Amino acid sequence: MKRLALGAALAILAAVPLWIDGTYYVNIASQILFYSIFALGINVLVGYAGLVTLGHAGLFGVAAYTAARILGGGHGHLAAVLGALALTLLAAALFAGLALRGTGIGFVMITLAIGQIVWGVAYRWISITNGDNGISVSARPSPFGLSLASPAHFYWATYAVFLVAIASMAIFVASPFGASVRGTRDQARRMNALGYQVWLIRFLAFLFSGFWSGVAGLLYLYYNQFVSPQAVALTASAEALLMVISGGTATLLGPVVGAALVVTMKNVASAYIERWNFVLGAIFVAIVVFMPEGLVPGAVRWWRRATAGGR
Amino acid sequence: MSALAVRNLRKSFGGLLVTASVNLAVESGERRLIIGPNGAGKTTLFGLITGELRPDGGSITLFGQDITRVAGWRRPHLGMSRTYQIITLFPGETLLRNVTLSLLGLSPLRWNPVARLERQRGLIAHAREVLTRVGLDGLADRPVAQTSYGERRRVEIAMALAQNPKVLLLDEPFAGLSLEERRDVLRLVTTIPRDVTTVMIEHDMDVALDFAERITVLHLGEVVVEGTRSEVVADPRTRRIYLGE
Amino acid sequence: MSLWLVLAVNSVTLGGLLFLLSAGFSLIFGLMKIPNLTHGSFFMLGAYLAATLIGWGLDFWTAAVVAGLLVAAFGGAIERLILRRLAGAELAQVLVTLGLSFMVADVCLKVWTGDPIRIDTPRALAGVASFGGLAFPAYRLAISVIAVGFAVALWALLDRTRLGAMIRAGVDDPAMARVAGIRVSRLFTIVFCLGAWLAGFAGVIGGPILSVYPGLDQEMLPLALVVVILGGSGSLLGSLLGSFVVGFLYNFGQALFPELAYVVLFLPMLIVLVVRPQGLFGRPAV
C-alpha cells in the first residue's frame, strides 16, 4: 500500500511541468526538489547520525562557488561539476575532522564556527568570491544536448537528480552501514564496545552528507545562475535545519516535506506576508517547542489519535 | 599465560587516584569475581581493560598480547566483550535487531552501504540462534521498549556472547533485578561455555558467590584480598571492608 | 604610528563593549549551558529602544539603563515562557534562541526600518582627553572605564554576595546546587535577565560608535561567541581578557587583512574548540 502511494507521488512529481500552470510554480517545484536534496543530505547527519549541524550551508556554498569559479575560468560544465564535487568532498573531510572533535553542543558550535568562516571568506575575500556582488553564471548546462534553460527542462533534470538522491538515501538507510550510523546515534559507547569504529562511521556519514549538500549547491547555482554570500549565511544553514526538523528527522520523506514547507512559505507566502524572517523564526520556535519530532511524525500521531478517537 | 593480565595499572581523575597499581591475572577458562564497596574502582578497572579509559600507567595483556595501547573498538575483535551496569540496548529496535547489530560489529559487512541488512539471512539466523541460547527467541521480534528489565539484561549478555568472546566482562549483571530474574541470569551465566574466561563485577555478594571460583576484592582502587572463594570469604579483611564502610 | 594608535584605542573600546556583551553570554552559558543565540538581538534591541527613548527626551544614561531593563524584561519572558519548558534539552534551547533572533531582527526592521540610526555621544563626553601629548576621544576612554567598572562590580557580585555564591555553585554543579536548596530555576531567570540587561546596556553604550542598524545582531553575536570560547564560559576574567583579544583581532585584522578579516577572527576560536573541546563544551567524542 505504501509502495503504491510512493509510486503515485513520484509519478505526479515527474509530471509537474505538465499539469502545473505557469513557470513561476514550476520554478518553485524545482527549488523544492533541490532543497529537498540539501535537506536529505543534512538529515544523514541530524536524523541518522544524531549530529546537528549549523554550518552545512558552507558545503552547499563551497560547491556553488567552486563551480562558478571554474565556469568563470572558461572551463566546461563537466569540469565545473566534477571539480565542485571533489572540492566539496575535500571540504567535508576537513570540516568533519574538525567538528568531530566535539560531541553534542560542541559539535554544533564547531559547525557554526566553520560555517561562519566560510561565510566570512565569501563575504570578504573579494578577489576570489567577488564578495557581496556574487558571481554570475552565463548559461545552464546542456547534458546530452538537451538545454536546461527552460524551467520545465531544468525541473526534469533536477527531478532526475532528486530520484537518484532519494534512492541513495533509501539504500543507505536499509544497509548495514546505515544501521551502524544509527547505532552511533543511539548508543555510541556501546557501539565502540561492539567493535564499531564510531569516529570513522561518523566521518564517512559526514562525507556522504556533504556530497549531497554539494549536489544541491550545484543545482542552486544553475537554477539561479548566480551565487552570493547569502547562500552561506547563518540564515541559510538555519533554514536548511528547519526543513529537516520541521518535516521530521526519522523518516525518509520528512526532509522533503520540510523543504516543501519552507520553500513554499518563503516564496509563496512572502507574497502575502511581508515578514518572512519573523515567520521563519516563529515556525522554528513553535516546532521545537510543540512538535519536536517534526511535522510528518507529528501529523501521523495526530491522525492516529483522530481516527482512533473518532466514531 | 593468563587469559587476561593487568600489571601495575594506574588511573587518576583530577587529583583522585581511582585505580592504584592494580595487579590481576585471570587464567583461561576461569570464573573470576571482582567485588568491593562503592567507589572501589571496579567499573573504572573495567573501563581501563576495555579501552574506554586510558591508563596513566601499567599494562594490560590479553593472552600474552600487550593491548594497553590498542584502541577500544579493536579489543572486541581480539576477543574481549563486555556488558554494562546500566542497560545500553538500542532503544528503537527489536531484540533480534539488537543482537544482529552485535554480530555485525565484528563483520566487515558493517561498512557495506549498499547491501540490504534485512536480506542477510545468515547473519539474522545466527542472531536468532543466539537469542534461543538465552531463552528469548520467543521475543525476538519484540521491540526493546516492550520487554521487561530482566529480559533486557539477558539480551545485554546475549549480545556480548554473540561475539564469541575469549574474555567476557560482566559489569554488575544482577543490578536492579528481582529475585526470580536474578536466578534466570545466574543460570545463564553459569551455562557460559568453559572456553570463555568470565570476569564479573558485582556489588551484591549473595548472588555472585555461586558463580565465582576466584575472587578479587578491591578497595579504594587497590587489590586488598585475592584467592579462592572460600579463602576470600573467610578472610577477616573482606568482612572489615564491607562492614566497616 | 598614529594609525596603529587609533586602531589600538578602537580595539580597547571594542574590547570594553564586548566585555559587557559577553559577560552576560558567558554567565548564561556557564550556568544554564545554553549558547544564547538571541544575545546579539538583545544588544541591537537595547540600542534601538534607547534611540527611541532619547528621541522622547530621556538623557543618554537614563535611556541606557531603562533600555537595558526593557531588554531584561524581554529576556526574562523568554526564559520563563519558552526556555524553561525545554529545560535539559540543550539543543532545543539553542534552536529556539536562533528562531527568536530571527523574530526579533524582523520586528526591529519593521519598527525602526532599515536605515542606520545614530545615537549621539553624550555631550559631557563628546570632547577629547589629552594624555601625554596625545589626544583620545573621551567617550571611547569612558567605555573602557565603564567596562572595567562593571567587571569589578560583577566580580564583587560573584565573589562577595550570596547570589554570586549561588551562581558559582550552579555553574560548578547544578545537581549539587539543587540538593543544597538553591532555587536553580529562579537563579536561571535572574542570570538570564542580568545577561540580557548587560547586552542591552552595551548596545546603547556602543550606539555612538557603531550606530544601530539591521544586521548588528548578526555581527555582534559571533564576536561574543569567540570571546566566550577563547576566555572560557563562566569565567569573568576570561571574558575580560578574551574581549580585549577579540577587540584587537577584529580591528587589526580588518586593517591588515581585510579579505581574511573573518578568518583572523574565527580561526583562533576554531583552534581552541578543536584543541580543547572538553574544557568548553562537554566531554570529547567517544
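Scope of this entry: the structure provided in the associated data block.

What counts and what doesn't
Residues numbered from 1 in each chain as written. Chains lettered and ligands numbered in written order. Predicted model: local features only at pLDDT ≥ 70, side-chain atom pairs only at ≥ 80, totals over all residues. Helix = DSSP H or I, 4+ residues; strand = E, 2+ residues; numbered from the N terminus. Rg over C-alpha atoms; globule rule 2.2 N^0.38 Å. Buried ≥ 20, exposed ≤ 12 C-beta atoms within 10 Å, placed from the backbone. Contact = placed C-beta atoms within 7 Å. Pairing = 2+ DSSP bridges. Axes fitted to C-alpha atoms, helices over the stretch in contact; angles between N-to-C directions. Nonpolar A, V, L, I, M, F, W, Y, C, P; charged D, E, K, R; others polar. Core = buried A, V, L, I, M, F, W, Y, C linked by C-beta atoms within 7 Å. Expected span 1.5 Å × (residues − 1). Parallel < 35°, antiparallel > 145°, perpendicular 65-115°, else oblique. Left-handed = near helix turned anticlockwise from the far one by under 90°.

### Notes on the overall build of chain C
Phase 1 of the analysis: Within chain C, the secondary structure is distributed over twelve helices and two strands.
Phase 2 of the analysis: Listing each helix as α and each strand as β along chain C from the N terminus yields α-α-α-α-β-β-α-α-α-α-α-α-α-α.
Phase 3 of the analysis: Its C-alpha atoms give chain C a radius of gyration of 19 Å, near enough to 19 Å, the size a compact globule of 286 residues would have.
Phase 4 of the analysis: For the C-alpha atoms alone, the extent of chain C along its principal axes is close to 60 × 45 × 35 Å.

### Some points on the overall build of chain B
Phase 1 of the analysis: Looking only at helices and strands, chain B features eight helices and ten strands.
Phase 2 of the analysis: For 245 residues, the compact-globule formula gives about 18 Å, and the C-alpha radius of gyration of chain B, at 18 Å, lands near that figure.
Phase 3 of the analysis: Along the first, second and third principal axes, the C-alpha set of chain B runs to 55 × 40 × 35 Å.
Phase 4 of the analysis: Every one of the 245 residues in chain B was classed for burial, and the buried ones make up 42%.
Phase 5 of the analysis: Put simply, of all contacts in chain B between residues at least 6 apart along the chain, 68% involve residues at least 24 apart.

### What to know about the sheet that holds strand S3 (residues 31-35) of chain B
All names here are of chain B.
Phase 1 of the analysis: Across the sheet, which stays open at both edges, the six strands sit in the order S6-S7-S8-S3-S9-S10 with mixed pairing between neighbours. Edge positions in the sheet fall to strand S6 (80-82) and strand S10 (222-228), since each has one partner strand and no second. With direction set aside, neighbouring strand axes in the sheet form an average angle of 15 degrees.
Phase 2 of the analysis: Across five bridges, S3 lies against strand S8 (residues 197-202) in parallel orientation. Along S8, the bridge assignment pairs Ile-35 with Glu-202.
Phase 3 of the analysis: Seen against the sheet, helix H1 (residues 42-50) touches S3, S6, strand S7 (167-171), S8 and strand S9 (214-219) and runs at an angle of roughly 150 degrees to S7.

### A closer look at the interface of chain B and chain A
Phase 1 of the analysis: Across the contact, 25 residues belong to chain B and 20 residues belong to chain A.
Phase 2 of the analysis: Broken down by element, the side of chain B that touches chain A gets its largest block of residues, three residues, from helix H2 (residues 95-104) of chain B.
Phase 3 of the analysis: For the side of chain B that touches chain A, the per-class residue count stands at 13 nonpolar, eight polar and four charged.

### Quick look at the nonpolar core
Phase 1 of the analysis: Ranked by size, the top nonpolar core spans 264 residues in total, and within it Ile-37, Ala-64 and Ala-67 of chain A, Ala-158 of chain B together with Leu-20 and Ala-50 of chain C carry the most contacts.
Phase 2 of the analysis: Looking at this core, the element that brings in the most residues is helix H3 (residues 23-48) of chain A, giving 16 residues.
Phase 3 of the analysis: For Ile-37 of chain A, the residues in contact, after removing those within four places along its chain, are Val-161, Phe-162, Ala-165, Trp-212, Val-215, Ala-216 and Leu-219 of chain A.

### Looking at helix H5 (residues 77-99) of chain A
Along an α-helix, residues three or four apart share an orientation, since each turn contains 3.6 residues.
Residues and elements named next belong to chain A.
Phase 1 of the analysis: Given a rise of 1.5 Å per residue, 23 residues ought to cover 33 Å, and the 32 Å separating the end C-alpha atoms of H5 matches this to within 8%.
Phase 2 of the analysis: Those residues of H5 lying buried are Ala-80, Val-81, Ala-84, Leu-85, Thr-88, Ala-91, Ala-92, Phe-95, Ala-96 and Ala-99.
Phase 3 of the analysis: Contacts made by the buried residues of H5 are with helix H4 (57-72), helix H6 (105-124) and helix H11 (198-224).

### Regarding the arrangement of the chains
Phase 1 of the analysis: When the two pairs of chains in contact are compared, the highest contact count belongs to chains A and C.
Phase 2 of the analysis: In this structure chain B stays clear of chain C, and the shortest span between their C-alpha atoms is 8 Å.

### With respect to the interface of chain A and chain C
Phase 1 of the analysis: Facing the 40 residues of chain A at the interface are 38 residues of chain C.
Phase 2 of the analysis: Of all the secondary structure elements, the ones that give two or more residues to the side of chain A that touches chain C are H6, helix H7 (126-129), helix H10 (188-193), H11, helix H12 (234-247) and helix H14 (276-290) of chain A.
Phase 3 of the analysis: For the side of chain A that touches chain C, the element with the most residues is H6 of chain A, which contributes twelve residues.
Phase 4 of the analysis: A per-class count over the side of chain A that touches chain C returns 26 nonpolar, ten polar and four charged.

### Quick word on the packing of helix H8 (residues 151-174) of chain A against H11 of chain A
All names here are of chain A.
Phase 1 of the analysis: Where H8 meets H11, the closest approach of the two axes is 11 Å, and the angle between their N-to-C directions is 175 degrees. By the angle between their axes, H8 is roughly antiparallel relative to H11. Note on element contacts: H11 touches H8 through Phe-208, Trp-212, Val-215, Leu-219 and Tyr-223, opposite Phe-154, Thr-158, Val-161, Ala-165 and Phe-172.
Phase 2 of the analysis: Here the residues of the contact of H8 with H11 are counted per class, giving nine nonpolar, one polar and no charged.

### Observations regarding the environment of Leu-241 of chain A
All names here are of chain A.
Phase 1 of the analysis: Here Leu-241 shows up in helix H12.
Phase 2 of the analysis: Sequence separation of Leu-241 and Ala-57 is 184 residues, and the distance between their C-alpha atoms is 9.7 Å.
Phase 3 of the analysis: If near-sequence neighbours (up to four positions away) are discounted, Leu-241 is found in contact with Ile-42 and Leu-54.

### Regarding H1 of chain B
All names here are of chain B.
Phase 1 of the analysis: With eight of nine residues buried, H1 is to be regarded as a mostly interior element.
Phase 2 of the analysis: Among all positions in H1, only Lys-42, Thr-44, Leu-45, Phe-46, Gly-47, Leu-48, Ile-49 and Thr-50 are buried.
Phase 3 of the analysis: Directly after H1, the chain includes Gly-51, whose backbone phi takes a positive value near 95 degrees.

### Re the sheet that holds strand S5 (residues 65-66) of chain B
Residue and element names in this part refer to chain B.
Phase 1 of the analysis: An order of S2-S1-S4-S5 is seen for the four strands of this open sheet, with the pairing classed as antiparallel. The two strands at the open ends of the sheet, each matched to only one other strand, are strand S2 (16-26) and S5.
Phase 2 of the analysis: Along the sheet, H1 makes contact with strand S1 (4-13), S2 and strand S4 (57-62), crossing S2 at roughly 65 degrees.

### Considering the packing of H6 of chain A against helix H11 (residues 261-275) of chain C
Phase 1 of the analysis: In contact at an axis separation of 9 Å, H6 of chain A and H11 of chain C are set at 165 degrees when each is read in the N-to-C sense. Classified by the angle their axes make, H6 of chain A and H11 of chain C are roughly antiparallel. With respect to the hand of their crossing, H6 of chain A and H11 of chain C are arranged in left-handed fashion. Along the contact surface, H6 of chain A presents Met-109, Ile-110, Ala-113, Ile-114, Gln-116, Ile-117, Gly-120, Val-121 and Arg-124 of chain A, while H11 of chain C presents Ala-261, Tyr-262, Val-263, Phe-266, Met-269, Leu-270 and Leu-273 of chain C.

### Digging into unusual backbone geometry
Across the chain, the bulk of peptide bonds are trans and the bulk of non-glycine residues have phi less than zero.
Residue and element names in this part refer to chain B.
Phase 1 of the analysis: Of note, the phi angle at Asn-164 is positive, near 45 degrees, even though the residue is not glycine.
Phase 2 of the analysis: Note that Asn-164 resides in the loop between helix H4 (149-162) and S7.
Phase 3 of the analysis: Although it is not a glycine, Glu-172 adopts a positive phi angle of roughly 45 degrees.
Phase 4 of the analysis: Residue position: Glu-172 is located in the loop between S7 and helix H5 (179-190).
Phase 5 of the analysis: Take Glu-172: there are 20 C-beta atoms within 10 Å of it, and that puts it in the buried class.

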